[in-house]
Amino acid sequence: MTAKVTLSFSDETIEEARRFAKREGLSLSAWMDQAAREKALREVFTAHAAALGRAGLDLESAALADAREAAMVDDALFGGEGPRAA
């Protein structure tokens, strides 16, 4: 479903938005919808990352440790020629 709304933008902002929309082959409305959705998602992900940080969870380090462990297993099983060798 689509809702029609009236918004006000500075002349500079609307001209930049029109230029970006044209460059991406989108209507101004579609480009603004996409930009607003992306901004909202960034806000959600930023808040989520901050909450994980406050909880003391370091998922990036855990993921890197898992990748190193998988590489060691591949090396032991396949002599460096395993599925993750590339």
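See the structure shown above.
Here is a short report on the structure shown in this document. (Residues numbered from 1 in each chain as written. Predicted model: local features only at pLDDT ≥ 70, side-chain atom pairs only at ≥ 80, totals over all residues. Heavy atoms only, no water.)

1. A word on the overall build of the protein chain
Here comes step 1: Within the protein chain one finds three helices and zero strands.
Here comes step 2: The N-to-C order of helical and strand elements in the protein chain reads α-α-α.
Here comes step 3: If you line up the protein chain on its principal axes, its C-alpha atoms span 60 × 35 × 30 Å.
Here comes step 4: Per element, the accessible surface of the protein chain, about 7500 Å² overall, is 58% carbon and sulfur.
Here comes step 5: Side-chain charges in the protein chain split into 11 positive and 15 negative, and the spacing between the mean points of these groups amounts to 10 Å. (Helix = DSSP H or I, 4+ residues; strand = E, 2+ residues; numbered from the N terminus. Areas by Shrake-Rupley, 256 points an atom, 1.4 Å probe, with all protein chains shown as cover. Lys, Arg positive; Asp, Glu negative; His and termini not counted. Charge placed at Lys NZ, Arg CZ, Asp CG, Glu CD.)

2. A short note on the pattern of salt bridges
Here comes step 1: Counted under the stated rule, the structure contains four salt bridges.
Here comes step 2: The partner of Arg23 in a salt bridge is Glu24, with the nearest N and O atoms 3.9 Å apart.
Here comes step 3: When its relative accessible area of 60% is taken as the criterion, Arg23 is described as exposed.
Here comes step 4: With its nearest N and O atoms 2.8 Å apart, the salt bridge here joins Lys39 to Glu43. Placement of both Lys39 and Glu43 in helix H2 (residues 28-54) is noted, with a separation of four residues, approximately one turn of the helix. (Salt bridge = Lys/Arg side-chain N within 4 Å of Asp/Glu carboxyl O. Buried < 20%, exposed > 50% of the residue type's maximum accessible area, 1.4 Å probe, protein only.)

3. Observations concerning the packing of aromatic side chains
Here comes step 1: In the structure shown here, the tally under the stated rule is one aromatic pair.
Here comes step 2: Taking 5.8 Å as the distance between ring centres and 20 degrees as the angle between the ring planes, the aromatic pair formed by Phe20 and Trp31 counts as stacked. Placement of the pair is Phe20 in helix H1 (residues 11-23) and Trp31 in helix H2, with a sequence separation of eleven residues.
Here comes step 3: With a relative accessible area of 27%, Phe20 lands in the partly exposed category.
Here comes step 4: Above the ring of Phe20, the side-chain terminus of Arg19 is found at 5.7 Å from the ring centroid. (Phe/Tyr/Trp six-rings, centres within 6.5 Å; stacked < 30°, edge-to-face > 60°. Lys NZ or Arg CZ within 6 Å of the ring centre and 35° of its normal.)

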